[in-house]
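Residues per chain, in single letters:
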Amino acid sequence: NAGVTQTPKFRILKIGQSMTLQCTQDMNHNYMYWYRQDPGMGLKLIYYSVGAGITDKGEVPNGYNVSRSTTEDFPLRLELAAPSQTSVYFCASSYSGRRETVGETQYFGPGTRLLVL
Amino acid sequence: AQKVTQAQTEISVVEKEDVTLDCVYETRDTTYYLFWYKQPPSGELVFLIRRNSFDEQNEISGRYSWNFQKSTSSFNFTITASQVVDSAVYFCALSESLVNNNDMRFGAGTRLTVKP
């Protein structure tokens, strides 16, 4: 298994541009997540999905959109890039949310470094 | 609300020294999960351990050990005989959710540098 893959690895955007960060997992995980990591800070959850067709906001969703048309893919969309969105973005996935698997491990992708100028 | 504090921003040691990374958490729930992740210079997060609130037994895995103390709300991580390859940022995290991990909270991380 490739695990969780993310593209691109690095991108520079101008203010106001839009882009989509891609995330794919091949572990048949139901749950997927998008985090951002700012310098010197822990990860903060942007959006998450509990299955195809279902998404919900996390702690810092403003300025982002997501979709989940398949189990494997969970793209993150930035519509109008702002300097405050300069960060490293991590996608993660986990198997299920069943009670007996509470707190199940999340597996992370390699990250996408985004610079908005 | 839950919170994770990693008070040590950066630690530098010489190879073969032992080093302990501190993690203090806050939660109102009696059921919760604690995690440690390693982020090497390559950037990806690597899962190290998950511990549930019902299990206070300490765990050892090779040179890594974890000390979970509910009385002090701490989940500290010790690396014995550190190596240069241990250089990374280490994150402690907490999840209270009984359903999924959408509420996971990460500490700010501790950057460990192991010098040869």
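Up top is the structure these notes are about.
Computed from a predicted structure; not experimentally measured.

Chemist: Mind showing me how you'd approach the state of the cysteines here?
Modeler: Applying the stated criterion to the full structure yields 2 disulfides over all chains. Linked covalently through their sulfurs, A:Cys23 and A:Cys91 form a disulfide whose S-S length is 1.8 Å. Across the S-S bond of A:Cys23 and A:Cys91 the torsion is about -70°, and the bridge reads as left-handed. Residue A:Cys23 is located in strand E3 (residues 19–25), and its partner A:Cys91 is located in strand E9 (residues 87–94); the two are separated by 68 residues in the primary sequence. In this pair, the class of A:Cys23 matches that of A:Cys91, namely buried. At a sulfur-sulfur separation of 2.0 Å, the disulfide partner of B:Cys23 is B:Cys92.

Chemist: Any chance you could explain the pattern of salt bridges here in plain terms?
Modeler: Between side chains of opposite charge, a pair can form when the charged atoms approach closely. Throughout the structure, instances matching the rule amount to 6 salt bridges over all chains. The residue A:Asp38 makes a salt bridge to A:Arg36 at a minimum N-O spacing of 2.9 Å. Its salt-bridge partner being B:Arg51, residue B:Glu59 comes within 2.3 Å of it at the nearest N-O pair. We classify B:Arg51 as buried; its relative accessible area is 5%. Because the salt bridges share partners, they merge into one network encompassing B:Arg51, B:Asp55 and B:Glu59.

Chemist: So what exactly am I meant to see when it comes to the pairing of strand E11 (residues 112–116) of chain A here?
Modeler: Successive side chains on a regular strand alternate, one facing one side of the sheet and the next facing the other. Residues and elements named next belong to chain A. The two faces of E11 differ: Thr112, Leu114 and Val116 on one face are buried, but Arg113 and Leu115 on the other face are not. With 4 bridges joining them, strand E2 (residues 10–13) and E11 adopt parallel strand pairing. Directly across from Phe10, in E11, lies its bridge partner Arg113. Sheet topology note: the E9/E11 ladder contains 3 bridges and is antiparallel. Opposite Ser87, over in E11, you have Leu114 as the bridge partner.

Chemist: Help me understand the layout of surface pockets in this model?
Modeler: Empty space left among the atoms is revealed by rolling a probe the size of a water molecule over them. Space inside the largest pocket adds up to approximately 650 Å³. Lining the largest pocket are 30 residues, with A:Gln37, A:Arg113, B:Gln39, B:Val89 and B:Arg111 sitting closest to its centre. Elements represented by at least two residues in the lining of the largest pocket include exactly E9 and E11 of chain A together with strand E10 (88–95) and strand E12 (110–115) of chain B. Among the elements that make up the lining of the largest pocket, the one with the highest residue count is E12(B) (4 residues). A class-by-class count of the residues in the lining of the largest pocket yields 12 nonpolar, 13 polar and 5 charged.

Chemist: I keep staring at the packing of aromatic side chains and nothing clicks. Help me out?
Modeler: Note on aromatic pairs: each is described by the distance of the centres and the angle between the planes. Under the definition given, this model contains 19 aromatic pairs over all chains. Measuring from ring centre to ring centre gives 5.1 Å for B:Tyr64 and B:Phe77, while their planes differ by 90°; the resulting arrangement is edge-to-face. Of this pair, B:Tyr64 sits in strand E8 (residues 64–69) while B:Phe77 sits in strand E9 (residues 74–79); the two residues are 13 residues apart in sequence, bridging distant segments of the chain. Residue B:Tyr64 is classed as buried on the basis of its relative accessible area of 15%. In this structure an aromatic cluster arises from ring pairing among A:Tyr33, A:Tyr35, A:Phe90, A:Phe108, B:Phe35, B:Tyr37, B:Phe47, B:Phe91 and B:Phe106. The ring of A:Phe74 has A:Arg68 sitting right over it, with the charged end atom 5.9 Å from the ring centre.

The rules behind these values
- Residues numbered from 1 in each chain as written.
- Chains lettered and ligands numbered in written order.
- Predicted model: local features only at pLDDT ≥ 70, side-chain atom pairs only at ≥ 80, totals over all residues.
- Heavy atoms only, no water.
- Disulfide = S-S within 2.5 Å.
- Helix = DSSP H or I, 4+ residues; strand = E, 2+ residues; numbered from the N terminus.
- Buried < 20%, exposed > 50% of the residue type's maximum accessible area, 1.4 Å probe, protein only.
- Salt bridge = Lys/Arg side-chain N within 4 Å of Asp/Glu carboxyl O.
- Pairing = 2+ DSSP bridges.
- 1 Å grid on protein atoms, 1.4 Å probe; cavity = no way out; pocket = protein on both sides within 12 Å on 5 of 7 lines; lining within 4 Å.
- Points joined across faces, edges and corners; volume = space filled by probe spheres on them.
- Nonpolar A, V, L, I, M, F, W, Y, C, P; charged D, E, K, R; others polar.
- Phe/Tyr/Trp six-rings, centres within 6.5 Å; stacked < 30°, edge-to-face > 60°.
- Lys NZ or Arg CZ within 6 Å of the ring centre and 35° of its normal.

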